[in-house]
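Fold and geometry: a report
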Amino acid sequence: LVEFIHYWLISSQKAYISSILSLHESMQPKEDALNQRCNAPGCLQCPLVATNTNILVNGKSLRVPKNLNCKTKNAIYLWECCICDKENDYFGRTIQKTHKRTNGHRKCFFNGEFEKSALSMHAKDKHPDNMSLENFRISVVKETSPRNIKREEFRMVDKYRTKILGLNRYKTLK
């Protein structure tokens, strides 16, 4: 009986330690987290995530934080048109999870509401035969407070000149 109890205690401790270690490993970022992908099954934003950690926006370098992804709230994000080679960037903001805002942009491509998104307006204007959100890549570039989000977006637009040399020049209907 003593041997059985001893064996049971050791087995239980091994199982407990093993579960702690596996929990610890699951909390570690996945390799794709370096690319801002959440890798959730069915995530529609993950295939659109840019993989660069540094992006050139109108001649200025922008570092992309590795710890942000499509689940990030209160975010400033950057969309890049993959077809255009210049003046192809758009900064936006959202207080909801970024993937929900991406769905809002996506809807404008399909519901004939292209004038509600600078991305769909650009695609209709420059690429009418290839009008799809799949032609864009997204990076979540900053997390901020809801109080400062508008100011941070304007700061990015101004710093990287996307209102003059980018897609922020499109006037959208709200």
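Above this text is the structure in question.
An account of the accompanying structure is given in this report.

Conventions and cut-offs
- Residues numbered from 1 in each chain as written.
- Predicted model: local features only at pLDDT ≥ 70, side-chain atom pairs only at ≥ 80, totals over all residues.
- Heavy atoms only, no water.
- Helix = DSSP H or I, 4+ residues; strand = E, 2+ residues; numbered from the N terminus.
- Polar contact = N/O pair within 3.5 Å; in protein donor to acceptor, adjacent residues only side chain to side chain.
- Contact = heavy atoms within 4.5 Å.
- Buried < 20%, exposed > 50% of the residue type's maximum accessible area, 1.4 Å probe, protein only.
- Pairing = 2+ DSSP bridges.
- Core = buried A, V, L, I, M, F, W, Y, C linked by side-chain atoms within 4.5 Å.
- Axes fitted to C-alpha atoms, helices over the stretch in contact; angles between N-to-C directions.

**Considerations on the side chain of Thr-98**
Take Thr-98: it is sitting in helix H2 (residues 98-110). Here Thr-72 takes part through its backbone oxygen, which lies 2.8 Å from a polar atom of the side chain of Thr-98. What Thr-98 contacts, discounting residues up to four positions off in sequence, is Gln-45, Asn-69, Cys-70, Thr-72, Ala-75, Tyr-77, Ile-138 and Val-140.

**Let's talk about the pairing of strand S4 (residues 89-94)**
Looking along a regular strand, one sees side chains alternate from face to face of the sheet. By the criterion of burial, S4 is predominantly enclosed, with 5 of the 6 residues buried. In this sheet, S4 lies alongside strand S3 (residues 75-81) in antiparallel orientation, the contact comprising 6 bridges. Bridged to Ala-75 within S4 is Thr-94.

**Details of the nonpolar core**
Counting residues in hydrophobic clusters, the biggest one holds 17 residues, and the most contacted among them are Trp-79, Tyr-90, Leu-119, Leu-133 and Phe-136. A per-element tally of this core places helix H3 (residues 118-126) first, with 4 residues. Ignoring any residue separated from it by four or fewer positions in sequence, one finds Leu-133 in contact with Leu-48, Trp-79, Thr-102, Arg-106, Phe-109 and Leu-119.

**Details of the sheet that holds strand S5 (residues 136-143)**
What the 3 strands build is an open sheet, ordered S4-S3-S5; its pairing is antiparallel. With partners counted over all chains shown, the strands left at the sheet margins are S4 and S5, one partner each. On average, each strand axis in the sheet is tilted by 25° relative to the strand beside it, whichever way the strands run. Contacts between H3 and the sheet are confined to S3, S4 and S5, with S5 contributing the most and set at about 155° to the helix. Strands in contact with helix H4 (residues 149-159) are S3, S4 and S5; relative to S4, the strand with the most contacts, it is inclined by about 175°.

Keep in mind these numbers describe shape, not what the thing actually does.
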